[in-house]
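Below, each chain spelled out in residue letters.
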Amino acid sequence: MLTAANLRKIFSTVVAVDDVSLSVERGQILGLIGPNGAGKTTTIRLILNIIRPDAGTILFDGVPFCESVANRTGYLPEERGLYRKSKLINTLVYLGTLKGMLPAEARRTALRWLERFELSQYADRKTEELSKGNQQKIQFTAAVMHDPKFVVLDEPFSGLDPVNQILLKEILMELRQQGKAIIFSTHVMEQAERLCERITLINKGKVVVDGSLAAVKKQYGRNTVRIEFDGDGSFLSTVSGVRSALVYENYAELDMGDGVGAAELLKMLVQRLSIRKFELVEPSLHSIFLDKVGGAPEGAGPQSAQGGVA
Amino acid sequence: MKKAFAVARWEYMEKIKSKAFLISLILMPIIMIGFGVLPTLLASQADTEPRIIGVIDATGQLFDALRSRVETRYKLPDGQPNYVLRLVGEREELEVAKKQADRLVVHGDLEGYLIIATTVFQDSVAEYRAKNVGNLRVVERFTATLRDIVFERRLQEAGVNPGLVTALRTKLELRTVKVTAKGIEEAGFEQVFFSAYLFMMMMFFLVATSGQLLVRSVVEEKANRVVEILVSSCSPTDLMAGKILGLSGLGLTQVSVWALIGVVISLKFGIALASLDVVLLLLIYLILGYLFYAAIFVAAGSPISTEQEAQQITSYLVLVLVLPLVLALSVLQNPESTMVKVLSLIPLLTPTMMAIRIPVLMPSTAEIVASILILAASTLVAMWAAGRIFRTAILAYGKRPSIGEIIRLLKTAN
């Protein structure tokens, strides 16, 4: 569906996107992940022709971006906003017609989506009268109401309560089943892990990891041990044979180097902690992410790309 | 292009329903009429009570004549005399009389007083003293009346019959007739000035209002980030064209309503408006000029991201438009001067300069063709440059590009 190859974008002196390639097929959700400022948003803007790449090619079913491609794409930007003083239904009809819909058709579809999100009673209200979460649902509607073949969702879950998160997840699954190609950008790894079939991890403008989630995990699938325990686990990261460790209050993920047996480790741990759960697993996307991005905590990533044109 | 119309429709429909638009639609004519009518109305407002004016007549022979003439000439609306004259001093010591009269003025018993010295027949000088000497009407009326009386006395002394002089002396009226290629038409200064002024104001308001709306709509979309969705849905060219189209529609709606009011008023007062060919020619300038300004507004507005900055930049641009308004009177007096001709060729000024010049005195064909060509070419260049700047600048939030960056933007092939 979409193939982007060797994208490159430079803002004055900063290389925001450096030789990024990615692709997504019909019925597939691609997780575009990376720390803040990694170049995710810039990559998305390049793909959607909002800004032009300095190098690289972008093809939709073999065709470069043009008006008919624009009509078949939907976009939920990370930074949300709608016309505050305008009626919801008017805004949606306008954005629909900009995607090539006829006004009547756009109105019908918009009303159907409002119903689905239980927002029908707000149709004639102004956007500014709505809560943030509801505004977000409206904006999501604007991204998908014209039945696009290709959808880009930048952090679609942020700001939604758990009930609405479940609703949105259901809709995402539906969209996938309808055969849409979806790019889902996030820095919440758990969401990406649950929803995505493919992962493209970007850091500092470069693709660091790319492939199906299963393959990626397999590639990093060393001995990972997940434990739940009671007691002071602070020593866990210094246990011999542990390559890296994520230690929380009563949960830990230990990446064991080759050659250290799980049984041996368990024996040792039992002496110092009260173990509630001990399992050998593939690494979580989260730990792969931390491994690849160099353990940079959330929000402390290099602010290179998004400063320029973000 | 279909999407440009969708954008235009949206801009037009959303703005026309806004309270700000309705308010300016109604308020503007009221303010305009207020500016035009109120000062004259206030100045020409009649008194409601007689004013008491004192007179110190050192000649001892003019007071009665002055009183009867002033009282019969100037009446209040209810028929009473407008001025009641009181003799406050005659031949006695002048200084004493003055002091006494000054006191009366300060107490408010007198509006003011006239001092007619014995020398008035020789040097024709009298004096008016009052708290308010800015009341031009009183000064003007008493000057006229006193002049007539003194003049008649002199005629009598010279042995001439004053009645005969009055009968022989008639006022002369200068009728003004405008000569054009098609013949002659009667048009006074007011008429010519009025239609020139009307067109200029229309041009001004069209640009000022829709230009401002244009900048603000761009700034709003940047602030609420809708711009990203828009640019991924339609080309920036469509977006820009749609905005200009929609908001000029809005401006035209507004101006049409005002023009209608203007036409009704001028018909009512019998003021002749310009002929059709003049209107058509002015329309060309109006449309080209509007597009030229719109491009400048877009170029200036797209790198901006806050309302405050938008306000600033639009008010500067509007100032340029006001310049011909300031020059209007001198242009009317001398529409053929080199200075005026040169100014008319500067695209920023062309539309308004021509709006003043054409109703007054049709410029030469060469001048009209040259100015239209220059304006059209500048409009094309401005549109092209604005499109370039718009395309990149609308996505630049927060930081304003420097002049250097804008030049670089224009150079890079996109």
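Residues numbered from 1 in each chain as written. Chains lettered and ligands numbered in written order. Predicted model: local features only at pLDDT ≥ 70, side-chain atom pairs only at ≥ 80, totals over all residues.

Undergrad: Would you mind showing me how to read helix α4 (residues 103-116) of chain A here?
TA: One turn of an α-helix holds 3.6 residues; hence residues three or four places apart share an orientation. Residues and elements named next belong to chain A. In a regular helix each residue adds 1.5 Å, so 14 residues correspond to 20 Å; α4 covers 20 Å between its end C-alpha atoms and thus fits that length. Among the residues of α4, Ala106, Ala110 and Leu114 are the ones counted as buried. Buried positions in α4, seen along its axis, are confined to an arc of 70 degrees and lie on one side of it. α4 presents Ala104, Arg112 and Glu115 as exposed residues on the side facing more than 90 degrees away from its buried surface. Next to the buried residues of α4 lie α3 (88-98) and α5 (132-144). Once α4 finishes, glutamate 118 follows within two positions and takes phi at roughly 55 degrees, a positive value. (Helix = DSSP H or I, 4+ residues; strand = E, 2+ residues; numbered from the N terminus. Expected span 1.5 Å × (residues − 1). Buried ≥ 20, exposed ≤ 12 C-beta atoms within 10 Å, placed from the backbone. Arc of directions from axis to C-beta. Contact = placed C-beta atoms within 7 Å.)

Undergrad: What is the right way to look at the sheet that holds strand β7 (residues 181-186) of chain A in this model?
TA: What links the strands of a sheet is backbone hydrogen bonding, and the strands pair in either a parallel or an antiparallel sense. Residues and elements named next belong to chain A. Taken in spatial order, the six strands make up an open sheet running β5-β6-β7-β3-β8-β9, and their pairing is mixed. Lying at the two open borders of the sheet, with one neighbouring strand each, are β5 (73-76) and β9 (206-212). Averaged over all neighbouring strand pairs, the angle between strand axes comes to 15 degrees, with direction disregarded. Bridge analysis of strand β8 (residues 198-203) against β9 gives six bridges, and the strand direction is antiparallel. Residue pairing for β9: asparagine 203 is matched across the bridge by lysine 206. Strands in contact with helix α10 (residues 285-293) are β3 (29-33), β8 and β9; relative to β8, the strand with the most contacts, it is inclined by about 30 degrees. (Pairing = 2+ DSSP bridges. Axes fitted to C-alpha atoms, helices over the stretch in contact; angles between N-to-C directions.)

Undergrad: What should I look at first to understand helix α14 (residues 350-360) of chain B in this one?
TA: Among the eleven residues that make up α14 of chain B, ten are buried, leaving the element largely enclosed by the rest of the structure. Looking only at α14 of chain B, the buried set comprises Thr350, Pro351, Thr352, Met353, Met354, Ala355, Ile356, Arg357, Ile358 and Pro359 of chain B.

Undergrad: When you look at the interface of chain A and chain B in this model, what are you seeing that I'm missing?
TA: The figure often quoted for interface size is the accessible area lost as the parts come together. With 23 residues of chain A at the interface, the matching set in chain B holds 17 residues. Those elements giving two or more residues to the side of chain A that touches chain B turn out to be β5 and α3 of chain A. At four residues, the largest contribution of residues to the side of chain A that touches chain B is made by α3 of chain A. Class assignment of the residues belonging to the side of chain A that touches chain B gives a composition of 13 nonpolar, five polar and five charged. (Nonpolar A, V, L, I, M, F, W, Y, C, P; charged D, E, K, R; others polar.)

Undergrad: Help me understand unusual backbone geometry, please; the structure alone is not making it clear to me.
TA: For residues that are not glycine, phi is negative in most cases, and the peptide bond is trans in most cases. All names here are of chain A. For aspartate 19, which is not a glycine, the phi torsion comes out positive at approximately 55 degrees. Position of aspartate 19 relative to the elements: it lies in strand β2 (residues 14-24). Aspartate 19 gets classed as partly exposed once you count the C-beta atoms within 10 Å, which come to 14. Despite not being glycine, aspartate 147 has its phi angle at roughly 55 degrees, a positive value. Here aspartate 147 shows up in the loop between α5 and β6 (150-154). Exposure remark for aspartate 147: the 14 C-beta atoms within 10 Å place this residue in the partly exposed category.

Undergrad: Quick question: what am I supposed to make of the sheet that holds strand β2 (residues 83-89) of chain B here?
TA: All names here are of chain B. Read across the sheet, four strands follow the order β2-β1-β3-β4 without closing on themselves; strand pairing throughout is mixed. Because the sheet does not close on itself, it has two edges, and the strands there are β2 and β4 (127-130). Averaged over all neighbouring strand pairs, the angle between strand axes comes to 25 degrees, with direction disregarded. Running at roughly 165 degrees to β2, helix α3 (residues 63-73) makes contact with β1 (51-57) and β2 of the sheet. Along the sheet, helix α4 (residues 94-107) contacts β1, β2, β3 (112-116) and β4; its crossing angle with β2, the most-contacted strand, is approximately 140 degrees.

This is a description of form; function is not addressed.
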